[in-house]
Amino acid sequence: MRSAPNTLFTNARISAMTGGDIAPVSGVLAVRDGRITYVGPEDGLPPDCAGFETVDCGGRLVTPSLIDCHTHIVYGGSRAKEFEMRLEGVPYEEIARAGGGIVSTVSATNALSEDDLVETALPRLDALIAEGVATIEIKSGYGLNVEAELKMLRAARRLAALRPVRIKTTWLAAHATPPEYGGRNGDYIAEVVLPGLEVAHAQGLVDAVDAFCEGIAFSPDELKPVFEKATALGLPVKLHAEQLSNLHGAEMAASFGALSADHLEYLDAAGAKAMAEAGSVAVLLPGAFYTLKEKQLPPVAALREAGAKIALATDCNPGTSPLTSLLLTMNMGATLFGLTVSECLAGVTRNAAVALGLSEETGTLEAGKAADIAIWDIDAPAELVYRIGFNPLDRLYAEGREVRL
């Protein structure tokens, strides 16, 4: 990868996302060896920044680059036909019995080679990058056997080599139970999820461990061995929880110090309190809420009252959130969930970094952090949330290198 030039960003209106006030402040930002060395007024610029390559921001808004902290962008096939069938009134259960639903995605994913998975994922990744995303999480979970799950993670690692952005991988073999293990969740976890996790860890393919805790998936008790194994391997955990019902999965995840619990429509006040106390981020996924036409809103007021950090993510996947726009996700977070502009922006920068265990590395514009910088051709931060179908990105930098597609 090419080295990052020492760069001075001048004539900038900077929203550093270090606190609650997101109002931009005029100033400059200095980058040395891919790290931020100074953010502040021009008259305070250290003398050793003389001679840096200069980028004139032209008075544009400068923020941290965006972070999509929950995606499933590596997969095979399409569920567009199912979408069409649902619009025509065919019940989901009937679609699933006919081989649709997650089973169809598993079949399509297993049928693709690693090269194919990389090729099909690249357009989705590029769509996110084009909107200012420089950090993205990618989950497995559509293989449901050891080799296919590993194949997905290898494809995710290769994407990081093909694009100059940061990618974090997550082992999600406990996403669903394959048909051959129907009614035997415990056997599937013991024979596939746990040994596969050990292999993924040994091969350096996994950064975190996730699972789906729901009546149609796995119970908290069934998932405890997965989190215990992750903890033994030194891997952080996260959880799909309380999306369709309240099984108190978020509380269980918090007891393991989870990075995050995600979805959370049915989370109660006790769960919000447990998450806040554990420092687990509440990752809200309005794309899935919208696609599934859900009515139960996530408990934003309870999360605020508990002091839990809130993040937003696309949940990009073929079935329930075929969404590749983090800008639209912010708009949905505001219009559907009632988040403020500040909460939406923090949710795709500072808090999203916490949800990936990257708060010391990225998510804010501060000296010492990676120079992950987005320059926007707009006047106010609110425009990033308010507009629909509008991409004002002017330039994007990841670790000090300009990202060009």
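Residues numbered from 1 in each chain as written. Predicted model: local features only at pLDDT ≥ 70, side-chain atom pairs only at ≥ 80, totals over all residues. Heavy atoms only, no water.

- As recorded in an unreviewed UniProt entry, the protein chain goes by the name Imidazolonepropionase, listed as coming from Martelella lutilitoris.
- Among the UniProt annotations of the protein chain, the heading Pathway (unreviewed entry) holds the following wording: "Amino-acid degradation; L-histidine degradation into L-glutamate; N-formimidoyl-L-glutamate from L-histidine: step 3/3." (UniProt positions renumbered as here; feature names shortened; annotations may be inferred.)

## Overview of the domain arrangement of the protein chain
- Segmenting the protein chain into domains produces domain 1 (7-64 + 363-403) and domain 2 (66-356).
- If you average the C-alpha positions of domain 1 and of domain 2, the two centres end up 30 Å apart.
- Taken together, the contact pairs 27 residues of domain 1 with 24 residues of domain 2.
- Roughly 1900 Å² is buried in total at the junction of domain 1 and domain 2, and carbon and sulfur atoms are behind 67% of that figure.
- One can count 2 salt bridges joining domain 1 with domain 2.
- Across the salt bridge formed by D372 and R166, the nearest N and O atoms sit 2.9 Å from each other.
- Viewed at the interface, domain 2 and domain 1 are joined by 8 residue pairs in polar contact (both at pLDDT 80 or more).
- For the side of domain 1 that touches domain 2, the secondary-structure elements that each account for two or more residues are α15 (383-386) and β15 (393-398).
- Of the residues forming the side of domain 1 that touches domain 2, the biggest block, 4 residues, is contributed by β15.
- A breakdown of the residues in the side of domain 1 that touches domain 2 according to their chemical character gives 18 nonpolar, 6 polar and 3 charged. (Domains from an automatic or database assignment. Contact = heavy atoms within 4.5 Å. Buried area = accessible area lost by both parts, 1.4 Å probe. Salt bridge = Lys/Arg side-chain N within 4 Å of Asp/Glu carboxyl O. Polar contact = N/O pair within 3.5 Å; in protein donor to acceptor, adjacent residues only side chain to side chain. Helix = DSSP H or I, 4+ residues; strand = E, 2+ residues; numbered from the N terminus. Nonpolar A, V, L, I, M, F, W, Y, C, P; charged D, E, K, R; others polar.)

## A look at the packing of helix α6 (residues 185-202) against helix α7 (residues 220-232)
- Relative orientation of the contacting elements α6 and α7 amounts to 15 degrees, with a least axis distance of 10 Å. With respect to each other, α6 and α7 are oriented roughly parallel. As for the relative orientation of α6 and α7, their crossing is right-handed in sense. Every residue of α7 that contacts α6 at N185, I189, V193, L194, L197 and E198 is listed here: E222, L223, P225, V226, K229 and A230.
- Residue composition of the contact of α6 with α7, by class: 8 nonpolar, 1 polar and 3 charged. (Axes fitted to C-alpha atoms, helices over the stretch in contact; angles between N-to-C directions. Parallel < 35°, antiparallel > 145°, perpendicular 65-115°, else oblique. Left-handed = near helix turned anticlockwise from the far one by under 90°.)

## Comments concerning the packing of aromatic side chains
- For the structure on display, the rule yields 6 aromatic pairs.
- Aromatic pair Y188 and F218: ring centres 6.3 Å apart, planes at 15 degrees, arrangement stacked. Taken together, the positions of Y188 in helix α6 and F218 in the loop between β9 (208-213) and α7 put the pair 30 residues apart, joining distant regions of the chain. No difference in accessibility class separates Y188 from F218, as the two residues are buried.
- Measuring from centroid to centroid gives 5.5 Å for F227 and F256, while their planes differ by 80 degrees, and the two rings are edge-to-face. You can see F227 sitting in helix α7 and its partner F256 sitting in the loop between α8 (249-255) and β11 (260-263), a full 29 residues away along the chain.
- You can call F227 buried: its relative accessible area is 0%.
- By relative accessible area, which is 26% here, F256 ends up partly exposed.
- Here a set of aromatic residues connected by ring pairs shows up, and it is made of Y181, Y188 and F218.
- Lying across the ring of Y75, R124 places its NZ or CZ 3.7 Å from the centre.
- Above the plane of the ring of F390 lies R387, whose end atom (NZ or CZ) is 4.2 Å from the centre. (Phe/Tyr/Trp six-rings, centres within 6.5 Å; stacked < 30°, edge-to-face > 60°. Buried < 20%, exposed > 50% of the residue type's maximum accessible area, 1.4 Å probe, protein only. Lys NZ or Arg CZ within 6 Å of the ring centre and 35° of its normal.)

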